[in-house]
Amino acid sequence: MKGAERLIFLGWLLTGTLCQGGVEGTVCTNPPRNTSVSVIPSSEVLEGSSVTLTCSSDANPPGISYHWYSVRAGDTRSTGYGPVLRTKIWADNTHFYCEAKNMCGAHNSTITKVTVWYGPKTMSVSVTPSGPVFDGAMVNLTCSSNGNPPVSSFTWYSVKGDQATRLGVGTRLETSVSAEVHQFYCEGRNDHGGQNSTLIEVVVQYPPRNTSVSVNSSGPVLKGSSVTLTCISDANPPVSSYNWYSVDESETRSVIGVEQMYTVANVNDPPRNTSVSVSPPDSVLEDSSVTLTCSSDANPPVTSYRWYSVREGKEDYVASGQKLIQATMNVIDGREYYCKAQNHHGEDQSATTNASMEFAPQISSSSRCLHSGSQVSCTCDSHANPAPLVQWRLSGRHVNHSTATAIREEPLGRIGLRSILTIRQSQEDTPTALCLSSNSQGSASLQLCVTSTGYQMLSLLVGAGAGAAGMLLLCVITCVIARRLHAKTTWDLKPEDITELILTDWTLSQEEDSLYASKSTLTGHPRANGANGEGTRGVNPDLHGPQHTDPPGGLHYKPPPIGPPNCDHVPLQHSSLDTPTTRIEG
């Protein structure tokens, strides 16, 4: 008998023996059936809690073995053996069944689901549209989660750097996106906890922005050396092309490169450290010639120099060229100068400067004395370089600061000085004031008269009264002549009986209301301007001019004396027919 036949025969004998034994020994009535699983506790449990599973089945003979299985997402796994299984329940492991088996067969229970409570899980966000969007576009965000009981609240947040900002609530959110704000997440919560979704980033496209240039050298660059410039820009999608430009003085642009990095072979500078020098450097006399030179550092060299003057905040163009030669410079007007240097890369300007001109003091014609009540205030304005020393004399005597004669000074710009003398005394005893100004270049003096506003008003009233009296006298004379002529016509009087009254132009001229002598009127007098022709310096107020010729009618006229110096208007005494001499009141 061959080997194969022996195996078949052995199997037949074994089968017959088992069947005989089952019939004659233990009878196999039926395999397991009605297999089931019971759970303790039978109600819902929290995730992570332990439960007890029991497997039962009907069989004859009774089942001799039990096998436990769990089911996860269609995948069956062995969990344990025996009629009872103790295990922890998780949200993703809640489905179980058991297998009962005896010698007659096997039977599986149905799948039993254990109810478990747990907080939100598997939070996620979806965005519509799903592709790239432009800066400022609107998108719809949807939040999804798994929880038991289901998630009851959703909260949305945007993220910018490390800062999260709350946007709203609900499973869906419509919002705008930008290059700065394009990252979002949602938070879900129920009675058993909360969870955040992963961060979702919306792809936002925008043109280049925040463009800047960086230099490969952190410190100063030597002239003539090479530097590499890098163009940096924020863009999405990334920048695909670059253009480098050079700009000339007319702001015309020329393309010099098309890559992100550009190397400058020879570094050039706009003008800088621009300054003005004066020649001669020391102080010079007024009206002397000086040269102002503009200097500046630039690469390439400066191509244009322009000069400007400044006075009281107003600028005026003067000339062009590196040097400015001034034949005469008068610093009394306070004018200063500066220059501008320019090349193809820019311009720079110097600080203002003024040549130091030395000149003797000059006393302003606005200097004067005013009498008010028991006080006389005299003002003397003087300009000089070096600064002047101003002194006062009253009736030929030097005056110092005291209670009776207070002296104070005020600066007038850079080269001027105002000295104010206040005299406290009666009007009847008003001395003559003399202002003296001196420096190393010379000196000047000016005698000041006292002007009383009250006296001028009194003179005006007297003049008006005299004028009225003159007009009344003229009317009387006219009436007398008319009556005489009328009498001659009526009674035919003889010529020798007629008394005639002859009126001349000179007689009428004496009836004017008031006369005034001003500085312009007195300038014709040979002594009015002083011996040296310098204003009213050294004028003697008691000098008189030459006598006028006698007027017709035999009346004698004597001209008025020259008035006190520096007085704009001095009232003259009114003159009548009985008073042929005119007199000036000081």
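(A) Representation of the overall build of the chain. Each helix and strand counted, the chain has four helices and 43 strands in total. Each of the 586 residues in the chain was classed as buried or not, and the buried ones make up 33%. Of the contacts made within the chain by residues no fewer than 6 positions apart, 61% connect residues no fewer than 24 positions apart. Summing over all exposed atoms, the chain offers an accessible surface of approximately 35,300 Å²; the carbon and sulfur share of this is 52%.

(B) Geometry of the confidence of the model for the chain. Looking at the chain as a whole, the pLDDT averages 74, with 69% of positions reaching at least 70. The low-confidence segment residues 7-25 (pLDDT under 50) makes three contacts with residues lying over four places distant or belonging to another chain. Overall, residues 488-586 carries pLDDT values under 50, and its contacts beyond four positions in sequence, including any with other chains, amount to 135 contacts.

(C) Highlighting the nonpolar core. V139, L141, W156, V177 and V202 are the most contacted members of the largest nonpolar core, which totals 19 residues. Residue contacts for V202: discarding those within four places in its chain leaves V127, V133, V139, V177, H182 and F184. Listed in part, the 17 residues of the second largest apolar core include C369, L394, L417 and L448.

(D) Fine view of the state of the cysteines. Counted according to the given criterion, the structure contains five disulfides. Between the sulfur of C55 and that of C98 lies a disulfide, 1.8 Å long from S to S. Because the sign of the S-S torsion sets the handedness, a value of about 70° for the bond joining C55 and C98 places this disulfide among the right-handed ones. Of this pair, C55 sits in strand β3 (residues 50-60) while C98 is found in strand β7 (residues 95-102), placing the two residues 43 residues apart along the sequence. Accessibility expressed as a relative area gives 4% for C55, which makes it buried.

(E) Spatial organisation of the packing of aromatic side chains. Taken as a whole and judged by the stated rule, the model has five aromatic pairs. On the numbers, 5.1 Å between centres and 15° between planes, the contact of Y157 with Y185 is stacked. Taken together, the residues Y157 in strand β13 (residues 153-160) and Y185 in strand β16 (residues 183-190) connect sequence positions 28 residues apart. When its relative accessible area of 18% is taken as the criterion, Y157 is described as buried.

(F) Local environment of the environment of P281. Inspection of the secondary structure assignment puts P281 in the loop between β24 (269-279) and β25 (284-285). For P281, a relative accessible area of 70% translates into the label exposed. For P281 and T291, which are ten residues apart along the polypeptide, the C-alpha to C-alpha distance reads 9.5 Å.

(G) Summary view of unusual backbone geometry. At the junction of N148 and P149, the peptide bond is cis and its omega measures out at 0° in the coordinates. Inspection of the secondary structure assignment puts P149 in the loop between β12 (138-148) and β13. Residues N385 and P386 are joined by a peptide bond in cis, for which omega reads 5°. Although it is not a glycine, N34 adopts a positive phi angle of roughly 55°. Tracing the chain through its elements places N34 in strand β1 (residues 30-40).

(H) Region of interest: the pattern of salt bridges. Here the structure, examined in full by the defined rule, presents eight salt bridges. R189 is the salt-bridge partner of E187, the closest N and O atoms lying 3.8 Å from each other. Assessed through its relative accessible area of 39%, R189 is described here as partly exposed. Among the salt bridges present, the one from R408 reaches E410, with a minimum N-O distance of 2.7 Å. Bridged by salt links that share partners, the residues E180, R209 and D234 form one connected network.

(I) How the structure looks around the sheet that holds strand β23 (residues 261-264). Ordered by their spatial adjacency, four strands build an open sheet running β11-β19-β20-β23, and the pairing between neighbours is mixed. Edge positions in the open sheet fall to β11 (133-134) and β23, since each of these has one partner strand only. Examined bridge by bridge, β11 and strand β19 (residues 204-215) share two bridges and lie parallel to one another. Among the inter-strand pairings, V133 is bridged to a residue of β19, identified as V204.

(J) Region of interest: the sheet that holds β12. In spatial order, the strands read β2-β10-β12-β15; together these four strands make up an open sheet with mixed pairing. Here the strands that pair on one side only, and so sit at the sheet edges, are β2 (45-46) and β15 (172-176). The pairing of strand β10 (residues 116-128) with β12 spans seven bridges and is antiparallel. Residue pairing in the sheet places V125 in a bridge with C143 of β12.

(K) Here's a closer look at the environment of S176. With respect to the secondary-structure elements, S176 resides in strand β15. On a C-alpha basis, the gap between S176 and G136 in space is 5.7 Å, while along the polypeptide they are 40 residues apart. Residues in contact with S176, not counting those within four places in the same chain, are G136, A137, M138 and F184.

(L) Seen up close, a nonpolar patch on the surface. A cluster of nonpolar side chains, contributed by Y245, V255 and V258, occupies part of the molecular surface with about 280 Å² of accessible area. Assignment of secondary structure puts Y245 in strand β21 (residues 244-247). Since its relative accessible area comes to 40%, Y245 is described here as partly exposed.

(M) Spotlight on the pairing of strand β27 (residues 304-311). Across the eight residues of β27, six count as buried, placing the element largely inside the fold. Judged from the six bridges that link them, β27 and strand β28 (residues 314-320) form a sheet pairing that is antiparallel. When the bridges of β28 are listed, R311 appears paired with K314. Hairpin connection between β27 and β28: a loop of two residues separates the two successive antiparallel strands, and E312 in this loop has a positive phi of roughly 55°.

(N) Representation of the side chain of T175. For T175, the position within the fold is in strand β15. When neighbours within four sequence positions are excluded, T175 is seen to be in contact with A137, M138, V139, L141 and F184.

Conventions and cut-offs
Residues numbered from 1 in each chain as written. Predicted model: local features only at pLDDT ≥ 70, side-chain atom pairs only at ≥ 80, totals over all residues. Heavy atoms only, no water. Helix = DSSP H or I, 4+ residues; strand = E, 2+ residues; numbered from the N terminus. Buried < 20%, exposed > 50% of the residue type's maximum accessible area, 1.4 Å probe, protein only. Contact = heavy atoms within 4.5 Å. Areas by Shrake-Rupley, 256 points an atom, 1.4 Å probe, with all protein chains shown as cover. pLDDT = per-residue confidence, 0-100. Core = buried A, V, L, I, M, F, W, Y, C linked by side-chain atoms within 4.5 Å. Disulfide = S-S within 2.5 Å. Phe/Tyr/Trp six-rings, centres within 6.5 Å; stacked < 30°, edge-to-face > 60°. Salt bridge = Lys/Arg side-chain N within 4 Å of Asp/Glu carboxyl O. Pairing = 2+ DSSP bridges. Patch = residues over 30% accessible without salt bridge, like charges linked within 9 Å, V, L, I, M, F, W, Y side chains within 5 Å.

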